[in-house]
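Structural characterization, general
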Amino acid sequence: MLSLASVALFSQLTLQQPQEDKPRNPDGCSFSQVEFTTDFAAGRLHHCEQDKDGEFKLYLKPEKEDINPSPWYAFAVENMADESKTFTITLFANKGISRYKPKRSSIGEDMWHPIPFSEGDGWLKFEVTLPAKEKEIIAGQEIIDNVHYIEWLSSLIKEPERSKVISLGVSSEGRNLAALEHTVTSSNKWLILIGRQHPPEVTGAIALLHFGELLFSDEKYVSDFRKQYNILLVPNMNPDGVYHGNWRLTAAGVDMNRDWKNQTLPETQALAKYLTKLTNDGGRIEFAIDFHSTHRNVFYTIPKDYEPSSGVPLRNPQRVYNWIEEIAEMVDSVELEYQPGAHPDSGVFKQFITDKFAAHAVTYEVSDSEDRDNIKRVAEAALISLINRLN
Ligand SMILES: [Zn+2]
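Not measured: the values here are computed from a predicted model. (Residues numbered from 1 in each chain as written. Predicted model: local features only at pLDDT ≥ 70, side-chain atom pairs only at ≥ 80, totals over all residues. Heavy atoms only, no water.)

Details of the pairing of strand E5 (residues 85–92)
Bridge analysis of strand E3 (residues 55–59) against E5 gives five bridges, and the strand direction is parallel. For Phe56, the partnering residue across the bridge sits in E5 and is Ile89. Where E5 and strand E9 (residues 123–130) come together, eight bridges link them in antiparallel fashion. Residue pairing across strands places Lys85 opposite Leu130, the latter belonging to E9. (Pairing = 2+ DSSP bridges. Helix = DSSP H or I, 4+ residues; strand = E, 2+ residues; numbered from the N terminus.)

Right, dumping it as structure tokens:
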């Protein structure tokens, strides 16, 4: 059994940050009336300027020029005055500023509220009213940080004899790649679930949380499934990127979902090593899902007639299509698409799983702006339908 002591130890290890790596506040963001700070996990803002009285310009920059334009931002805004104030904030980014719409949350609260905004070419503008000396968080999506994942994985352990939290290895900055490993002796079949290769893709992260929550719940059909299936759940493949509020890359400056062919990163190497060992030991990967976000709900699949580069035929080529069709029927009010495609040199995870293990893998993309209740409905339908098809 994973004792409380070992959970605590694991959390301490995971949360430990290299000294030089403490989150920093951005340049020029402290004013007499207001302070903008980012000294928390996932905090991100490049620099600030005061415009007119009570009006501020906040600039967003990626970790590397010319990457996928997904301007992530997360900062605290604090009213330094002795009276209530309204601040006008304009965010600037070279490209893609409209991808993430502003949301606010009180400190210590878990609720996020959309902020009305206007936008134009390269800018997005909104107002924040704060009582005297009050502070709140503003971000492009809900903040789900590394601490949250560790606590969440630990909370899913219902059958300590079969499930445990493990670390697959460490990221390039030394953060653990935490995973829930669920093993049974009655079967060699595995379901592999990963998420957060791209840090700001939070709607995909939310879908994974709902999927995992139901998968490790007490519902009879899932606990029956757990008796017959091995599961590896790695919700946060890029803890460095999540910590730094990166737009896309790992701390090594690499797009992880282009690295699965060559495996230059410690993160891809760690999971690939685990999966290779698992199959060498007689395990069989039946299905893998990689959760992401984009501007629409879409399942990227492998074509039915695809021939994996290993030469081993793709197992159950039709299963994924039946699965997606059933999900679409179960949640017919939500628009879902699917798009088969094979890109053997792309280095994406789904391709790696198919080429190396002859198993079907899906990139499960959730719309950035999807209604949060719909994300849950689709994730739960996806799990229910998948269980029926994997049995
Ligand atoms: Zn992505």
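Structural notes on the coordination of the zinc ion
Surrounding the zinc ion are the protein donor atoms His198 (ND1), Glu201 (OE), Glu201 (OE) and His292 (ND1), which sit 2.1 to 2.6 Å from the metal. Taken together, the four donor atoms coordinating the zinc ion span angles of 55 to 146° at the metal, a pattern that classifies the geometry as irregular. Motif for the zinc ion, donor spacing along one chain: H-x2-E-x90-H. Remark: His292 occurs in strand E15 (residues 284–294) and His198 occurs in the loop between strand E13 (189–195) and helix H3 (202–215); sequence separation between them is 94 residues. (Donors = N, O, S within 2.8 Å, 3.2 Å for Na, K, Ca; no water. Tetrahedral: all angles 85-135°; square planar, octahedral: opposite > 155°, others 65-115°.)

Considering the environment of Val312
Position of Val312 relative to the elements: it lies in the loop between strand E16 (298–301) and helix H7 (319–330). Judged by its relative accessible area of 42%, Val312 is partly exposed. Here the alpha-carbon distance between Val312 and Ala359, two residues 47 residues apart in the chain, equals 9.6 Å. (Buried < 20%, exposed > 50% of the residue type's maximum accessible area, 1.4 Å probe, protein only.)

Observations concerning the UniProt feature "active site" (unreviewed entry) in the protein chain
As recorded in UniProt, the sites labelled "active site" (unreviewed entry) are Glu365. Along the polypeptide, Glu365 turns up in strand E18 (residues 360–367). A distance of 3.3 Å separates the side chain of Glu365 from the backbone nitrogen of Ser293, its partner in a polar contact. (UniProt positions renumbered as here; feature names shortened; annotations may be inferred. Polar contact = N/O pair within 3.5 Å; in protein donor to acceptor, adjacent residues only side chain to side chain.)

Quick notes on the state of the cysteines
Applying the stated criterion across every chain yields a total of one disulfide. There is a disulfide in this structure between Cys29 and Cys48, and the S-S distance comes to 1.9 Å. In this structure, the disulfide formed by Cys29 and Cys48 twists by about 95° around the S-S bond and is classed as right-handed. In this pair, Cys29 sits in the loop between helix H1 (4–15) and strand E1 (34–37) while Cys48 sits in strand E2 (residues 47–50), placing the two residues 19 residues apart along the sequence. Here the two residues Cys29 and Cys48 agree in accessibility, since each one is buried. (Disulfide = S-S within 2.5 Å.)

A look at the side chain of Asn176
Its place among the elements puts Asn176 in strand E12 (residues 176–182). Looking at Asn176, the relative accessible area reads 13%, which means it is buried. For Asn176, the side chain forms a polar contact with the side chain of Ser167, separated by 2.7 Å.

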